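# Structural description and commentary
Below, each chain spelled out in residue letters.
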Amino acid sequence: MAVNELDSLLLSAECLRQSGSISEANMILLQVLEASPCHPEAFFWLSNQLDLSQEQSLIKKLELCYENNSPNLSNDYSFLCYALAKLREDQHRYFDAFNLYDQANKCRQSELNLFRTDYNIYLGQSRLHRDLFEPLSKMPNYVLGSSIGKDLIFIVGLPRCGSTLVEAILSMSGNAECFGESGYLQESISAIGILGEIERGNLDNAQIHHKFSLVNAVYNEKVSCKKNLKIDKTLTNFYLAGLISRIWPAAKIIHVKRSPMDQILSAWKSRFRKGHSYTLNLNDLIKVYISYKNLMDFWEINLGSRIYTCQYEELVTNPIRQTKKLAIYCGIEWNEKMLSPKDSKLLIKTASFKQVREPIYDSSIGAWKNYYPQLEKYAQKLVDESIDIDF
């Protein structure tokens, strides 16, 4: 089978995966393996969409492909490492799984030609937006009676926090348009150039409000729709919480939190298509998490109830209570469909595609403890920063 035909099959499998047709996607991936028995990407997706520990023939093929390949022979070798790591995890061989995930991330960094990850960018953004808030803090956090931004909901956090689940839950309200990780707010802010002006101190309050109105106009043009609510799940908008609170006095900000080490492990195990290269290195990931935690603590002090904290563990263990609280905060009427986000019509393009298509479950809570011997020293770094860890 020609390469372009294989690529076409992979694209079809991706479309099916995003729409929730996982079984159909698996059938296509198996076709790819029939035509190309060592196809790295096909193995990668199958390992995440199927419990390979129950598929003896696929296990042998994957192990053989891993043994007969090397990073020097293939630019896609990381796919095989991630796939075999997931298999070992499903087999409860956690020591082997950890080493394979580590190898996968190192191969991925090499494939991306990265001398170092992008962690310093994230740390710099945290410092920048904390500093930029000083002139903004003189403006009111609330504007009594204002309806500016009442139709906007921003879901923020770090990757693998449970944000896609929250987005899917809200999509079931029936009157919300979800824009996923659009990046529209950053694009709008960049187009107006407001951050540089604030940083240089060039604007008085009247000029800042004028810039706000321009950002509002550009952003609303991007998210124009007929639904009553517009949901933006660009996670890195957590940097912009202060700016959001001033541009849109009535906008909602949902911060999705997860147990730190579970989230860090999950992010480290994920193969992101673009960006988030800091997740390839546990030390860098820890630094970014600490920086993010410090900034969110700062926002919670300065913005108060403007930010609604949705704790992932509480959401999956008590979904009725927590989805009702979400509905109240967002100003929407709760319905039982919000308990079945697996039925959402959203196209799920994140690493959470499989979890969201299943009934809400809590089995991932505490998963990091399976890797406790390897992760203990990283957990201690969080403890040293006064971050609570569930040991």
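What follows is about the side chain of Gln 109. Among the secondary structure elements, Gln 109 is positioned in helix α6 (residues 94-111). Overall, Gln 109 belongs to the buried group, its relative accessible area being 16%. Not counting chain neighbours up to four residues away, the residues in contact with Gln 109 comprise Leu 114, Phe 115, Arg 116, Thr 117 and Leu 280.

Once that is clear, we can look at the sheet that holds strand β3 (residues 229-232). Judged by pairing direction, the sheet is parallel, and its five strands sit side by side in the order β2-β3-β1-β4-β5 without closing on themselves. Two strands close off the open sheet at either side, each with one partner strand: β2 (176-178) and β5 (307-311). Adjacent strand axes in the sheet meet at a mean angle of 25 degrees when their direction is disregarded. Direction of pairing for β2 relative to β3: parallel, over a ladder of three bridges. Bridging across to β3, Cys 178 finds its partner in Ile 231.

Before going further, it helps to spend a moment on helix α7 (residues 119-136). Over its 18 residues, α7 runs 26 Å from end to end, which matches the ideal 26 Å to within 8%, given 1.5 Å per residue. What α7 keeps buried is the set Tyr 119, Tyr 122, Leu 123, Ser 126, His 129, Leu 132, Phe 133 and Leu 136. Considering only its buried residues, α7 is in contact with α10 (194-200), α11 (205-222), α12 (241-247) and α14 (282-303).

In this section: the nonpolar core. The nonpolar side chains of soluble globular proteins are, as a tendency, buried together. Among the nonpolar cores identified, the biggest contains 129 residues, and Leu 170, Trp 248 and Ile 254 are the most heavily contacted of them. Examining the composition of this core, we find that 12 residues originate from one element, α14, more than from any other. In this structure, Leu 170 is in contact with Ile 153, Ile 155, Ala 176, Ile 231, Ile 254, Cys 330, Ile 332 and Met 338, ignoring residues within four places of it in sequence.

Time to look at the packing of aromatic side chains. Think of a pair of aromatic rings as described by two things: how far the centres are apart, and how the planes are tilted against each other in angle. Inspection of the entire model under this criterion finds 23 aromatic pairs. Plain terms: the ring middles of Phe 44 and Trp 45 are 4.9 Å apart, the flat faces sit at 75 degrees to each other, and that makes the pair edge-to-face. In this pair, the class of Phe 44 matches that of Trp 45, namely buried. Among the aromatic residues, ring-to-ring pairing joins Tyr 122, Phe 238, Tyr 239, Tyr 278, Tyr 289 and Tyr 292 into one connected group. A cation over an aromatic ring shows up here: Arg 17 above the ring of Trp 45, its NZ or CZ 3.6 Å from the ring centre. Directly above the ring of Trp 334 sits Lys 324, whose terminal nitrogen or CZ lies 4.8 Å from the centroid.

So, on to the pairing of β3. Of the two faces of β3, the one carrying Leu 229 and Ile 231 and the one carrying Lys 230 and Asp 232 are both buried. Two strands pair when backbone bridges link them, and strand β1 (residues 152-156) and β3 are joined in this way by three bridges, in the parallel orientation. The partner of Ile 153 across the bridge, within β3, is Ile 231.

With that settled, the discussion passes to the environment of Ile 189. Relative to the helices and strands, Ile 189 is located in helix α9 (residues 184-192). Given the relative accessible area of 4%, Ile 189 is considered buried. Beyond its immediate stretch of four places on either side in the chain, Ile 189 contacts Ile 194, Leu 195, Val 215, Leu 240 and Leu 243.

What counts, and where the lines are drawn
Residues numbered from 1 in each chain as written. Predicted model: local features only at pLDDT ≥ 70, side-chain atom pairs only at ≥ 80, totals over all residues. Heavy atoms only, no water. Helix = DSSP H or I, 4+ residues; strand = E, 2+ residues; numbered from the N terminus. Buried < 20%, exposed > 50% of the residue type's maximum accessible area, 1.4 Å probe, protein only. Contact = heavy atoms within 4.5 Å. Pairing = 2+ DSSP bridges. Axes fitted to C-alpha atoms, helices over the stretch in contact; angles between N-to-C directions. Expected span 1.5 Å × (residues − 1). Core = buried A, V, L, I, M, F, W, Y, C linked by side-chain atoms within 4.5 Å. Phe/Tyr/Trp six-rings, centres within 6.5 Å; stacked < 30°, edge-to-face > 60°. Lys NZ or Arg CZ within 6 Å of the ring centre and 35° of its normal.

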